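# A structural walkthrough
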Amino acid sequence: SCAPIPVILKEKCVISNNTEQVSNSISITPNPFENNTTISVNTESSIIIYNVNGKVIASFENVNEVLIGNNFTSGIYFISIQNEQGIFYEKVIKQ
């Protein structure tokens, strides 16, 4: 199972009974990104964005799509997406 943030994620990490369903319902594009990236999910979700130190940079409740990045500095960020399908963690990079 996945450890709580902050962790160094080398790959996607999913906590769910149906890993494939959760992975297929989430899109983060582009990644890496220069200006903005869009997080899209099929189901209303809670989305939390952390910096590499584990500090919450932004959080959103009951959303299907979020545009992030304009005010982010270059670096690595971790995204936690939670909905009724499970919890999904993804690493994104702002160039």
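Bear in mind that the values here come from a model prediction, so they are computed numbers and not experimental data.

## Remarks on the overall build of the protein chain
For the protein chain, the count of helices and strands is one helix and six strands. Each helix (α) and strand (β) of the protein chain, taken in turn from the N terminus, gives the series β-α-β-β-β-β-β. Going through the 95 residues of the protein chain one by one, you find that 41% of them count as buried. Considering only residue pairs separated by 6 or more positions, the protein chain has 55% of its internal contacts joining residues 24 or more positions apart. Total accessible area on the protein chain is roughly 5500 Å²; 44% of this is exposed by carbon and sulfur atoms.

## Concerning the pairing of strand S3 (residues 37–51)
Alignment of strand S2 (residues 26–29) against S3, held across four bridges, turns out to be antiparallel. Paired with isoleucine 28 across the strands is isoleucine 39, a residue of S3. The pairing of S3 with strand S4 (residues 56–68) spans nine bridges and is classified as antiparallel. Considered in S4, the bridge of isoleucine 48 is made with serine 59. In textbook terms, the turn of a hairpin is the stretch between consecutive antiparallel strands, and for S3 and S4 this stretch comprises four residues, one of which, glycine 54, has a positive phi near 90 degrees.

## Quick word on the environment of valine 56
Examined against the element boundaries, valine 56 turns out to sit in strand S4. Not counting residues up to four positions away in its chain, the partners in contact with valine 56 are Ile48, Ile49 and Tyr50.

## A look at the nonpolar core
Ranked by size, the top nonpolar core spans 17 residues in total, and within it Ile39, Ile47, Ile49, Ile68, Ile79 and Ile81 carry the most contacts. When residues no more than four places from it in sequence are discounted, the contact partners of isoleucine 68 are Phe33, Asn35, Asn36, Thr37, Ile39, Ile49, Phe60 and Ile79.

## Considerations on the confidence of the model for the protein chain
Looking at the protein chain, pLDDT values average 82 and 75% of them are 70 or higher. Below pLDDT 50 for its whole length, residues 5–11 participates in 13 contacts with residues either more than four positions away or in separate chains. Below a pLDDT of 50 lies the segment residues 18–22, which in the model reaches seven contacts outside its immediate sequence neighbourhood of four places, other chains included.

## Things to note about the environment of serine 25
Relative to the helices and strands, serine 25 is located in the loop between helix H1 (19–24) and S2. Along the sequence, serine 25 and threonine 43 sit 18 residues apart, while their C-alpha atoms lie 7.7 Å from each other. One polar contact links serine 25 to glutamine 85, side chain to side chain, over a distance of 3.0 Å.

Procedures and definitions
Residues numbered from 1 in each chain as written. Predicted model: local features only at pLDDT ≥ 70, side-chain atom pairs only at ≥ 80, totals over all residues. Heavy atoms only, no water. Helix = DSSP H or I, 4+ residues; strand = E, 2+ residues; numbered from the N terminus. Buried < 20%, exposed > 50% of the residue type's maximum accessible area, 1.4 Å probe, protein only. Contact = heavy atoms within 4.5 Å. Areas by Shrake-Rupley, 256 points an atom, 1.4 Å probe, with all protein chains shown as cover. Pairing = 2+ DSSP bridges. Core = buried A, V, L, I, M, F, W, Y, C linked by side-chain atoms within 4.5 Å. pLDDT = per-residue confidence, 0-100. Polar contact = N/O pair within 3.5 Å; in protein donor to acceptor, adjacent residues only side chain to side chain.

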